[in-house]
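Architecture and fold: a report
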Amino acid sequence: MDQLLRNPAIVNGLRKVETRVERLSGSSALPGINAGASRVINAGGKRLRPALTLATAMALGKNPDRRVITAAACVELIHAGSLVHDDLMDRATERRGATTLNADLGDGKALVIGDFMLARAGLAAITSVSRPVAEVLAATVVELAEGQYLETTDLFNPHRTEASALRSITGKTAALFRASCLVAAVCAQASPEDRARMAAYGERFGLIFQILDDLLDLTATSEQLGKPAGNDLKQGVYSLPLILAKANFLTNGDISLQRGISDEQVAEILTRLRQTKMVETTIEYCRGLAAEAVTALPEIGNQEIAGILRSLPTSYIDTIIRTINRPALTATS
(Lines give C-alpha, C1' and ligand atoms only; values in the text may rest on other atoms or scores of the structure.)
Protein backbone atom coordinates (compact mmCIF):
# COMPACT_ATOMS: atom_id res chain seq x y z
CA MET A 1 0.00 0.00 0.00
CA ASP A 2 2.92 2.34 0.68
CA GLN A 3 3.91 2.08 -3.00
CA LEU A 4 0.50 3.41 -4.04
CA LEU A 5 0.48 6.32 -1.62
CA ARG A 6 4.13 7.24 -2.19
CA ASN A 7 4.22 7.16 -5.98
CA PRO A 8 5.19 10.72 -6.99
CA ALA A 9 2.56 11.04 -9.71
CA ILE A 10 -0.18 9.77 -7.39
CA VAL A 11 1.01 11.98 -4.51
CA ASN A 12 0.90 15.00 -6.81
CA GLY A 13 -2.54 13.99 -8.03
CA LEU A 14 -3.83 13.55 -4.49
CA ARG A 15 -2.77 17.10 -3.64
CA LYS A 16 -4.99 18.33 -6.45
CA VAL A 17 -7.78 16.01 -5.34
CA GLU A 18 -7.52 17.39 -1.81
CA THR A 19 -7.89 20.94 -3.08
CA ARG A 20 -10.90 19.95 -5.15
CA VAL A 21 -12.55 18.11 -2.25
CA GLU A 22 -12.10 21.12 0.01
CA ARG A 23 -13.69 23.41 -2.56
CA LEU A 24 -16.63 21.09 -3.12
CA SER A 25 -17.23 20.45 0.58
CA GLY A 26 -17.07 24.18 1.30
CA SER A 27 -19.42 25.26 -1.48
CA SER A 28 -22.66 25.55 0.48
CA ALA A 29 -24.29 28.94 1.00
CA LEU A 30 -24.61 27.98 4.67
CA PRO A 31 -21.41 28.30 6.77
CA GLY A 32 -22.60 25.66 9.22
CA ILE A 33 -22.79 23.01 6.51
CA ASN A 34 -19.37 24.01 5.22
CA ALA A 35 -17.88 23.78 8.70
CA GLY A 36 -19.39 20.36 9.35
CA ALA A 37 -18.33 18.95 5.98
CA SER A 38 -14.83 20.34 6.49
CA ARG A 39 -14.58 18.56 9.83
CA VAL A 40 -15.33 15.23 8.20
CA ILE A 41 -12.98 15.82 5.27
CA ASN A 42 -10.10 16.88 7.51
CA ALA A 43 -10.59 14.17 10.15
CA GLY A 44 -7.96 11.91 8.59
CA GLY A 45 -7.86 8.98 6.22
CA LYS A 46 -5.37 7.89 3.59
CA ARG A 47 -7.50 8.85 0.56
CA LEU A 48 -7.21 5.29 -0.67
CA ARG A 49 -10.24 5.46 -2.96
CA PRO A 50 -9.14 8.55 -4.94
CA ALA A 51 -5.62 7.08 -5.07
CA LEU A 52 -7.15 4.05 -6.81
CA THR A 53 -8.88 6.38 -9.27
CA LEU A 54 -5.59 8.06 -10.13
CA ALA A 55 -3.71 4.75 -10.40
CA THR A 56 -6.40 3.28 -12.67
CA ALA A 57 -6.28 6.27 -15.00
CA MET A 58 -2.50 5.95 -15.25
CA ALA A 59 -2.74 2.18 -15.74
CA LEU A 60 -5.02 2.77 -18.71
CA GLY A 61 -2.70 5.32 -20.27
CA LYS A 62 -4.34 8.55 -19.17
CA ASN A 63 -2.59 11.22 -17.13
CA PRO A 64 -4.79 12.48 -14.29
CA ASP A 65 -6.32 15.58 -15.90
CA ARG A 66 -8.96 17.89 -14.47
CA ARG A 67 -11.78 15.44 -15.13
CA VAL A 68 -9.97 12.55 -13.46
CA ILE A 69 -9.08 14.76 -10.48
CA THR A 70 -12.69 15.84 -10.10
CA ALA A 71 -13.96 12.27 -10.44
CA ALA A 72 -11.54 11.20 -7.70
CA ALA A 73 -12.71 14.09 -5.51
CA CYS A 74 -16.33 13.04 -6.02
CA VAL A 75 -15.48 9.50 -4.93
CA GLU A 76 -13.89 10.81 -1.72
CA LEU A 77 -16.80 13.16 -1.05
CA ILE A 78 -19.27 10.27 -1.35
CA HIS A 79 -17.13 8.23 1.01
CA ALA A 80 -17.05 11.07 3.55
CA GLY A 81 -20.81 11.61 3.34
CA SER A 82 -21.45 7.91 3.82
CA LEU A 83 -19.32 7.95 6.98
CA VAL A 84 -21.57 10.64 8.44
CA HIS A 85 -24.60 8.46 7.75
CA ASP A 86 -22.83 5.38 9.17
CA ASP A 87 -22.13 7.22 12.42
CA LEU A 88 -25.77 8.26 12.61
CA MET A 89 -27.01 4.70 12.14
CA ASP A 90 -24.52 3.34 14.66
CA ARG A 91 -25.16 6.19 17.13
CA ALA A 92 -21.39 6.50 17.20
CA THR A 93 -19.83 9.22 19.31
CA GLU A 94 -16.24 8.84 18.14
CA ARG A 95 -14.43 8.24 14.86
CA ARG A 96 -10.67 8.43 14.29
CA GLY A 97 -10.29 9.71 17.84
CA ALA A 98 -12.60 12.70 17.30
CA THR A 99 -16.22 13.42 18.22
CA THR A 100 -18.68 12.55 15.45
CA LEU A 101 -20.92 15.19 13.90
CA ASN A 102 -24.07 13.57 15.27
CA ALA A 103 -22.66 13.55 18.80
CA ASP A 104 -21.58 17.18 18.52
CA LEU A 105 -24.27 18.80 16.37
CA GLY A 106 -27.20 16.44 16.78
CA ASP A 107 -28.70 13.89 14.40
CA GLY A 108 -30.62 16.37 12.26
CA LYS A 109 -27.70 18.59 11.35
CA ALA A 110 -25.40 15.61 10.81
CA LEU A 111 -27.95 14.03 8.47
CA VAL A 112 -28.24 17.06 6.21
CA ILE A 113 -24.46 17.56 6.12
CA GLY A 114 -24.06 13.96 4.95
CA ASP A 115 -26.83 14.52 2.39
CA PHE A 116 -25.11 17.69 1.17
CA MET A 117 -21.82 15.87 0.59
CA LEU A 118 -23.46 13.10 -1.43
CA ALA A 119 -25.49 15.56 -3.48
CA ARG A 120 -22.53 17.87 -4.06
CA ALA A 121 -20.50 14.98 -5.42
CA GLY A 122 -23.26 14.10 -7.85
CA LEU A 123 -23.59 17.70 -9.03
CA ALA A 124 -19.84 18.04 -9.61
CA ALA A 125 -19.76 14.76 -11.54
CA ILE A 126 -22.53 15.78 -13.95
CA THR A 127 -21.29 19.35 -14.48
CA SER A 128 -17.49 18.94 -14.38
CA VAL A 129 -16.76 15.35 -15.45
CA SER A 130 -19.31 13.59 -17.64
CA ARG A 131 -22.79 12.09 -17.64
CA PRO A 132 -21.43 8.49 -17.71
CA VAL A 133 -19.27 9.15 -14.64
CA ALA A 134 -22.23 10.77 -12.86
CA GLU A 135 -24.33 7.70 -13.66
CA VAL A 136 -21.68 5.39 -12.20
CA LEU A 137 -21.55 7.42 -8.99
CA ALA A 138 -25.34 7.71 -8.69
CA ALA A 139 -25.71 3.95 -9.10
CA THR A 140 -23.01 3.48 -6.47
CA VAL A 141 -24.86 5.64 -3.94
CA VAL A 142 -27.91 3.43 -4.53
CA GLU A 143 -25.77 0.37 -3.78
CA LEU A 144 -24.35 2.00 -0.64
CA ALA A 145 -27.87 2.54 0.67
CA GLU A 146 -29.00 -0.97 -0.23
CA GLY A 147 -25.94 -2.59 1.29
CA GLN A 148 -26.39 -0.70 4.53
CA TYR A 149 -30.09 -1.54 4.59
CA LEU A 150 -29.33 -5.23 4.11
CA GLU A 151 -27.04 -5.15 7.11
CA THR A 152 -29.79 -3.68 9.27
CA THR A 153 -32.13 -6.51 8.33
CA ASP A 154 -29.65 -9.04 9.72
CA LEU A 155 -28.75 -7.28 12.97
CA PHE A 156 -28.86 -9.65 15.97
CA ASN A 157 -29.54 -12.56 13.57
CA PRO A 158 -27.36 -15.50 14.71
CA HIS A 159 -28.28 -17.36 11.51
CA ARG A 160 -26.84 -14.75 9.17
CA THR A 161 -25.03 -16.50 6.32
CA GLU A 162 -21.71 -15.83 4.66
CA ALA A 163 -23.56 -15.04 1.43
CA SER A 164 -25.73 -12.47 3.20
CA ALA A 165 -22.72 -10.78 4.77
CA LEU A 166 -20.91 -10.66 1.42
CA ARG A 167 -23.93 -9.19 -0.33
CA SER A 168 -24.16 -6.44 2.26
CA ILE A 169 -20.50 -5.45 2.27
CA THR A 170 -20.38 -5.57 -1.53
CA GLY A 171 -23.01 -2.85 -1.52
CA LYS A 172 -21.99 -0.73 1.44
CA THR A 173 -18.21 -0.78 0.84
CA ALA A 174 -16.93 -2.67 -2.20
CA ALA A 175 -19.23 -0.78 -4.59
CA LEU A 176 -17.41 2.49 -3.95
CA PHE A 177 -14.01 0.86 -4.46
CA ARG A 178 -15.36 -0.55 -7.71
CA ALA A 179 -16.55 2.92 -8.69
CA SER A 180 -13.14 4.40 -7.81
CA CYS A 181 -11.62 2.30 -10.59
CA LEU A 182 -14.55 2.45 -12.98
CA VAL A 183 -14.85 6.25 -13.15
CA ALA A 184 -11.18 6.44 -14.11
CA ALA A 185 -11.68 3.80 -16.78
CA VAL A 186 -14.61 5.80 -18.14
CA CYS A 187 -12.54 9.00 -18.17
CA ALA A 188 -9.76 7.11 -19.97
CA GLN A 189 -12.27 5.86 -22.57
CA ALA A 190 -11.10 2.33 -21.92
CA SER A 191 -12.63 -0.62 -23.73
CA PRO A 192 -15.69 -2.31 -22.17
CA GLU A 193 -13.50 -5.29 -21.24
CA ASP A 194 -10.90 -3.14 -19.49
CA ARG A 195 -13.63 -1.25 -17.66
CA ALA A 196 -15.11 -4.51 -16.43
CA ARG A 197 -11.71 -5.84 -15.38
CA MET A 198 -10.79 -2.72 -13.41
CA ALA A 199 -14.24 -2.69 -11.81
CA ALA A 200 -13.80 -6.32 -10.73
CA TYR A 201 -10.37 -5.51 -9.31
CA GLY A 202 -11.76 -2.59 -7.32
CA GLU A 203 -14.67 -4.64 -5.98
CA ARG A 204 -12.44 -7.48 -4.78
CA PHE A 205 -10.13 -5.02 -3.07
CA GLY A 206 -13.12 -3.33 -1.46
CA LEU A 207 -14.28 -6.66 -0.05
CA ILE A 208 -10.82 -7.22 1.41
CA PHE A 209 -10.87 -3.75 2.92
CA GLN A 210 -14.23 -4.23 4.68
CA ILE A 211 -13.58 -7.79 5.85
CA LEU A 212 -10.28 -6.72 7.43
CA ASP A 213 -11.94 -3.66 8.96
CA ASP A 214 -14.45 -6.01 10.56
CA LEU A 215 -11.60 -8.23 11.72
CA LEU A 216 -9.88 -5.27 13.36
CA ASP A 217 -13.05 -4.51 15.30
CA LEU A 218 -12.74 -7.97 16.88
CA THR A 219 -8.98 -8.02 17.42
CA ALA A 220 -7.48 -4.52 17.70
CA THR A 221 -7.56 -2.17 20.66
CA SER A 222 -9.74 0.92 20.96
CA GLU A 223 -6.60 3.05 20.69
CA GLN A 224 -5.66 1.42 17.39
CA LEU A 225 -9.17 1.77 16.01
CA GLY A 226 -9.85 5.33 17.13
CA LYS A 227 -13.24 4.09 18.38
CA PRO A 228 -14.43 1.49 20.89
CA ALA A 229 -13.33 -2.06 20.07
CA GLY A 230 -16.12 -4.59 19.62
CA ASN A 231 -18.56 -1.93 18.45
CA ASP A 232 -20.00 -4.27 15.81
CA LEU A 233 -20.92 -6.73 18.55
CA LYS A 234 -22.86 -4.06 20.40
CA GLN A 235 -24.63 -3.11 17.18
CA GLY A 236 -25.59 -6.76 16.61
CA VAL A 237 -23.51 -7.17 13.44
CA TYR A 238 -22.56 -10.74 12.60
CA SER A 239 -19.61 -9.78 10.40
CA LEU A 240 -17.87 -12.23 8.10
CA PRO A 241 -14.95 -12.91 10.52
CA LEU A 242 -17.47 -13.63 13.27
CA ILE A 243 -19.49 -15.91 10.98
CA LEU A 244 -16.30 -17.80 10.02
CA ALA A 245 -15.38 -18.18 13.71
CA LYS A 246 -18.87 -19.40 14.64
CA ALA A 247 -18.88 -21.95 11.84
CA ASN A 248 -15.40 -23.37 12.38
CA PHE A 249 -14.09 -22.81 15.88
CA LEU A 250 -16.67 -22.10 18.56
CA THR A 251 -17.48 -25.51 19.97
CA ASN A 252 -18.03 -24.53 23.62
CA GLY A 253 -21.27 -22.67 23.13
CA ASP A 254 -22.54 -20.33 20.44
CA ILE A 255 -22.24 -16.56 20.38
CA SER A 256 -25.59 -14.83 20.55
CA LEU A 257 -25.65 -11.06 20.30
CA GLN A 258 -28.43 -9.42 22.28
CA ARG A 259 -29.64 -5.85 22.40
CA GLY A 260 -28.24 -4.06 25.41
CA ILE A 261 -25.16 -6.27 25.62
CA SER A 262 -22.83 -5.01 28.34
CA ASP A 263 -19.19 -3.99 28.01
CA GLU A 264 -18.27 -7.01 30.13
CA GLN A 265 -20.11 -9.37 27.78
CA VAL A 266 -18.42 -7.78 24.77
CA ALA A 267 -15.02 -8.24 26.42
CA GLU A 268 -15.83 -11.91 27.12
CA ILE A 269 -16.83 -12.55 23.49
CA LEU A 270 -13.69 -10.81 22.21
CA THR A 271 -11.57 -12.99 24.47
CA ARG A 272 -13.22 -16.15 23.18
CA LEU A 273 -12.80 -15.09 19.56
CA ARG A 274 -9.14 -14.24 20.06
CA GLN A 275 -8.56 -17.77 21.32
CA THR A 276 -9.70 -19.23 17.99
CA LYS A 277 -8.05 -19.28 14.58
CA MET A 278 -10.39 -16.54 13.38
CA VAL A 279 -7.54 -14.26 12.31
CA GLU A 280 -5.78 -16.94 10.29
CA THR A 281 -8.99 -18.07 8.61
CA THR A 282 -10.07 -14.54 7.74
CA ILE A 283 -6.63 -13.65 6.38
CA GLU A 284 -6.65 -16.80 4.22
CA TYR A 285 -10.09 -15.84 2.93
CA CYS A 286 -8.81 -12.37 2.01
CA ARG A 287 -5.75 -13.78 0.28
CA GLY A 288 -8.11 -15.70 -1.98
CA LEU A 289 -9.88 -12.45 -2.85
CA ALA A 290 -6.49 -10.81 -3.46
CA ALA A 291 -5.63 -13.50 -6.00
CA GLU A 292 -8.95 -12.90 -7.76
CA ALA A 293 -8.29 -9.16 -7.83
CA VAL A 294 -4.89 -9.57 -9.47
CA THR A 295 -6.27 -12.03 -12.00
CA ALA A 296 -8.95 -9.51 -12.97
CA LEU A 297 -6.46 -6.79 -13.92
CA PRO A 298 -6.20 -5.98 -17.63
CA GLU A 299 -2.91 -5.73 -19.46
CA ILE A 300 -1.14 -2.61 -18.20
CA GLY A 301 1.63 -0.95 -20.18
CA ASN A 302 2.94 1.20 -17.32
CA GLN A 303 5.00 -1.39 -15.46
CA GLU A 304 5.43 0.71 -12.33
CA ILE A 305 1.67 1.20 -11.92
CA ALA A 306 1.08 -2.44 -12.88
CA GLY A 307 3.39 -3.54 -10.07
CA ILE A 308 1.66 -1.26 -7.59
CA LEU A 309 -1.82 -2.53 -8.46
CA ARG A 310 -0.72 -6.17 -8.43
CA SER A 311 0.91 -5.88 -5.02
CA LEU A 312 -1.73 -3.64 -3.40
CA PRO A 313 -4.21 -6.28 -2.14
CA THR A 314 -1.52 -8.42 -0.53
CA SER A 315 0.39 -5.47 0.89
CA TYR A 316 -2.81 -4.14 2.44
CA ILE A 317 -3.45 -7.51 4.06
CA ASP A 318 0.09 -7.49 5.45
CA THR A 319 -0.44 -3.97 6.80
CA ILE A 320 -3.53 -5.08 8.71
CA ILE A 321 -1.70 -8.11 10.10
CA ARG A 322 0.91 -5.76 11.54
CA THR A 323 -1.83 -3.55 12.97
CA ILE A 324 -3.60 -6.31 14.84
CA ASN A 325 -2.28 -6.43 18.37
CA ARG A 326 0.35 -9.04 19.11
CA PRO A 327 -1.61 -10.96 21.80
CA ALA A 328 -4.40 -11.57 19.28
CA LEU A 329 -1.96 -12.94 16.73
CA THR A 330 -0.22 -15.08 19.33
CA ALA A 331 -3.52 -16.56 20.44
CA THR A 332 -4.29 -17.72 16.91
CA SER A 333 -0.89 -19.19 16.08
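Attention here is on the structure that accompanies the text. (Residues numbered from 1 in each chain as written. Predicted model: local features only at pLDDT ≥ 70, side-chain atom pairs only at ≥ 80, totals over all residues. Heavy atoms only, no water.)

This part takes up the packing of aromatic side chains. For the structure shown, the criterion picks out four aromatic pairs. Arranged with centres 5.6 Å apart and planes meeting at 70°, the rings of Phe-177 and Phe-205 form a pair that is edge-to-face. Of this pair, Phe-177 sits in helix 9 (residues 162-187) while Phe-205 sits in helix 10 (residues 192-219), and the two are 28 residues apart along the sequence. Residue classification places Phe-205 among the buried residues on the basis of a relative accessible area of 0%. Seen from their ring centres, Phe-177 and Phe-209 are 5.1 Å apart, and the 45° between their planes marks the pair as tilted. (Phe/Tyr/Trp six-rings, centres within 6.5 Å; stacked < 30°, edge-to-face > 60°. Helix = DSSP H or I, 4+ residues; strand = E, 2+ residues; numbered from the N terminus. Buried < 20%, exposed > 50% of the residue type's maximum accessible area, 1.4 Å probe, protein only.)

Moving on to the packing of helix 5 (residues 66-90) against helix 9. Between helix 5 and helix 9, whose axes approach to 10 Å, the crossing angle comes to 165°. The angle between the axes of helix 5 and helix 9 places the two elements in the roughly antiparallel class. When you trace helix 5 past helix 9, the crossing you get is right-handed. Touching Arg-67, Val-68, Ala-71, Val-75, Ile-78 and His-79 of helix 5 are Leu-176, Ser-180, Val-183 and Cys-187, all from helix 9. (Axes fitted to C-alpha atoms, helices over the stretch in contact; angles between N-to-C directions. Parallel < 35°, antiparallel > 145°, perpendicular 65-115°, else oblique. Left-handed = near helix turned anticlockwise from the far one by under 90°. Contact = heavy atoms within 4.5 Å.)

Further remarks concern helix 8 (residues 131-153). The terminal C-alpha atoms of helix 8 lie 33 Å apart, and with 23 residues this matches the ideal 33 Å at 1.5 Å per residue to within 8%. Where helix 8 is buried, its residues touch helix 5, helix 7 (107-128) and helix 9. If you check the start of helix 8, you find a side-chain oxygen 3.3 Å away from the backbone N of Val-133, and it comes from Ser-130. (Expected span 1.5 Å × (residues − 1). Polar contact = N/O pair within 3.5 Å; in protein donor to acceptor, adjacent residues only side chain to side chain.)

This structure, assessed with the given rule, holds 17 salt bridges. For Asp-65, the salt bridge identified is with Lys-62, shortest N-O distance 2.9 Å. When its relative accessible area of 29% is taken as the criterion, Asp-65 is described as partly exposed. Glu-203 is paired through a salt bridge with Arg-178; the nearest N and O atoms lie 2.9 Å apart. (Salt bridge = Lys/Arg side-chain N within 4 Å of Asp/Glu carboxyl O.)

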